[in-house]
Amino acid sequence: MSDNAERIRLFKVMVLARTCDDRMAKLKAQNEVAGSVFVGRGQEALSGAAGIQLRPGDVFAPLIRDQAGRFGYGETPLDVARTVLGRRTGPMRGRDGNVHRGDWGAGLLPMISHLGAMAAPVIGVLLSRRLTGKQKPGDLSVGIASIGDGGMNTGALHEAMNIAAVERLPFILLVADNQFAYSTTSDRTYACKHLVDRAIGYGVAGHRCDGTDADACLATVGAAVAAARAGKGPQLVVADLLRLAGHGTHDDASYVPEDVKSRFGDCLQMFERSLIQQGVLDAAAVAAIRDEARRQIEAAVEQARAEPQPEAATEDWSARCERDLVHVRSA
Amino acid sequence: MKYLEAIRLALAELLADDQRVFIYGQDIAGPFGGAFKATKGLSERFPGRVLNSPISEDAMTGLAIGAAMDGMRPIVEYQFADFASVAFNQLVNHAGSIFYRTGRPCPIVARLPVGGTPGGGPFHCQMPETWLSNHPGLVVVAPATVADAYFMLKDAVACRDPVAFLEHKYLYYHLEAEFDPRVAEHPGLGRAVVRRQGDDLTIVAYSGMVHHATAAAAVLESDHNISAEVVDLRCVRPLDEETILASLARTGRIIIASEGFPFGGPTAEVAALVAEKGFAYLDAPPVRLAARDTPIPFHPELFAEHHPDDQAIVQAALELAKY
């Protein structure tokens, strides 16, 4: 089992993510958000376990339900609130919204919506590090891309995973098999026994864990990241869990049958219970963590609310960096 | 120097001069050196920087995007431009959107062997500029000369936006010119140039069609006493509106010729440009010449009649001159 400091760190990230997701969903209900809000309820253990393994210089391409991983890797609640509220001050400046946010310079890649499309760019960053001699043998910078059982079936994802294997890059594909691709059940999206079986086809190491068990996620993702850092090539981590919400706030997920719901617990509740039972945290400490999370999220929301929206009249409507292409010339 | 040799020379100098440059594509390394030999000898000269890829156009492009965002200047070679349709998502939705969405440039160069050759058929002859140029954020260039093949490739790598670099397959070995890069002058990447001056009408073309246009202009001069000006767009996205309109202002008549399909694309954009901004210069309606509106046929006889050539341009010019 991981050390308790790491477990507490994960728990805090999970609480912060759940609190943040709930607050953003409430902002949507209050009609303050354009478009949908996407929450990672039920996926915080896996996502957070990945995020807290990362260090500066690593690369993370989170997907739709990765608030915990984003916080674990250093995203601030303010960046979330600014993006969800479409503020000009945010990293996407109102030009993109909700989960499509990040910072290439910080190694937190802003996703495009096309599933599977962010894996190859992570691999490109890792190849760049190798080509420029920036990698330290045995202690490599790693890249993680998130995907779900739905996105696992895109050509983009297969192509990228194969290249990662061919180049033997320190890449971890983090798969949340959350039983539903939007509303479509897994039996309509893949036919292999378990998604981890694809590891052998790609020629990479495969790991499987219970995505509702935070300790299992820490151990499994930790082992995968350690193997990648050590130079053992790409790692496929597949966690079984259930999305405990709709695809977005617009979706009530009424298509999820009761018997499926009964098979999966809530990773956050179970982790809290386990930490209290083992005496790692007491009820007061948990309450303090929750209060601190609410305080941080509320402060971010209040600040973002007070900040300016983009304005069409002052918007810089240029999709190209080179404004005057007529004068672009090599040295 | 041949067109292909100019591309190879530019690639070699880019690799030698800039450690950020690497080339990624199918069959480009080793003694094979690419389907058209554009990279022959380069993997030996620059070990580890000319890398064979799997047949994975989408991920090849995504990889280049990631590397570019990490500070590299990747050049992706697609074996045929036709197969870049597989990479459409990464090219338009990802590379094309990054600067606007994030404020950070995404300097990748996509080398696309374009254009028809007899027997190539529907999937080895296509021109991708129409589908690539519709999306904001991409630069699309189409060099027609040996000097441009060399300079525009270097300029494409210097450009901080993603550039689709269209290399015409027929020109690879069939176009040869005296060329010394140490003394040659060249315009900026986005500038159209007048290849031949004339007074009576303007023929706008790009890529391989420029050579049909200049051949047609020679026939018009010698056989019909018509003085045709040829404008080589060089860059089809964005368009150099100034050079096009200036030529039209001199001649009053315009033909826009392309090997691409007829619906939309640079010929339609130039026609729209002259209708909107050059209406007062027009002495006759603009004329568009494009390929037929079918997939590109395999059989050489059908292929030859699928796209405009010298004679088609001459015929159109004679009609236009009578208007």
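Residues numbered from 1 in each chain as written. Chains lettered and ligands numbered in written order. Predicted model: local features only at pLDDT ≥ 70, side-chain atom pairs only at ≥ 80, totals over all residues. Heavy atoms only, no water.

Observations regarding empty space enclosed by the protein
Residue and element names in this part refer to chain A.
Then step 1. Inspection of every chain in the model, using the stated rule, returns four cavities of 30 Å³ or more.
Then step 2. Here the largest cavity defines a volume of roughly 130 Å³.
Then step 3. Along the wall of the largest cavity there are 17 residues; nearest its centre are D21, F38, Q67, V99 and R101.
Then step 4. Elements supplying a minimum of two residues to the lining of the largest cavity: α1 (4–29), α3 (67–73) and α4 (77–84).
Then step 5. Grouping the constituent residues of the lining of the largest cavity by class yields eight nonpolar, four polar and five charged. (1 Å grid on protein atoms, 1.4 Å probe; cavity = no way out; pocket = protein on both sides within 12 Å on 5 of 7 lines; lining within 4 Å. Points joined across faces, edges and corners; volume = space filled by probe spheres on them. Helix = DSSP H or I, 4+ residues; strand = E, 2+ residues; numbered from the N terminus. Nonpolar A, V, L, I, M, F, W, Y, C, P; charged D, E, K, R; others polar.)

Details of the nonpolar core
Proteins that are soluble and globular tend to have nonpolar side chains buried together.
Then step 1. If you look at the biggest cluster of nonpolar residues, it comprises 89 residues, and the most contacted ones within it are A:F171, A:L173, A:L236, B:L112 and B:I254.
Then step 2. Looking at which element gives the most residues to this core, the answer is helix α3 (residues 57–69) of chain B, with eight residues.
Then step 3. When we break this core down by domain, the ones giving at least three residues each are domain 1 (3–174) and domain 2 (193–322) of chain B.
Then step 4. Residue contacts for B:I254: discarding those within four places in its chain leaves B:T202, B:V204, B:I244, B:L248, B:V270, B:V274, B:L282, B:P285, B:P286, B:V287 and B:L320.
Then step 5. Within the second largest apolar cluster, 60 residues are counted, among which are A:V13, A:L16, A:L78 and A:L268. (Core = buried A, V, L, I, M, F, W, Y, C linked by side-chain atoms within 4.5 Å. Buried < 20%, exposed > 50% of the residue type's maximum accessible area, 1.4 Å probe, protein only. Domains from an automatic or database assignment. Contact = heavy atoms within 4.5 Å.)

Let's talk about unusual backbone geometry
Then step 1. Each neighbour pair has its own omega, and for B:R237 with B:P238 the value is 0°, a cis peptide bond.
Then step 2. Locating B:P238 in the fold gives a position in the loop between β10 (235–237) and α9 (241–251).
Then step 3. In this structure, A:R93 takes a positive phi of about 55° despite not being glycine.
Then step 4. If you trace the backbone, A:R93 turns up in the loop between α4 and α5 (119–131).
Then step 5. By relative accessible area, which is 25% here, A:R93 ends up partly exposed.
Then step 6. We note that B:R234 has phi near 60°; this positive angle belongs to a residue other than glycine.
Then step 7. Residue placement: B:R234 occurs in the loop between β9 (228–232) and β10.

So, the domain arrangement of chain B
Residue and element names in this part refer to chain B.
Then step 1. Here chain B is partitioned into domain 1 (3–174) and domain 2 (193–322).
Then step 2. The centre of domain 1, based on its C-alpha atoms, is set 26 Å off from the matching centre of domain 2.
Then step 3. Taken together, the contact between domain 1 and domain 2 spans 29 residues of the former and 25 residues of the latter.
Then step 4. Its largest share of buried area at the contact with domain 2, domain 1 owes to M127, A142 and A144, together 21% of the area lost on that side.
Then step 5. At the junction of domain 1 and domain 2, the tally comes to two salt bridges.
Then step 6. D148 is the partner of R234 in a salt bridge, and the nearest nitrogen-oxygen pair spans 2.8 Å.
Then step 7. Run the count over domain 1 and domain 2 and you get 11 residue pairs in polar contact (both at pLDDT 80 or more).
Then step 8. Taken together, the residues of the side of domain 1 that touches domain 2 break down into 15 nonpolar, 12 polar and two charged. (Buried area = accessible area lost by both parts, 1.4 Å probe. Salt bridge = Lys/Arg side-chain N within 4 Å of Asp/Glu carboxyl O. Polar contact = N/O pair within 3.5 Å; in protein donor to acceptor, adjacent residues only side chain to side chain.)

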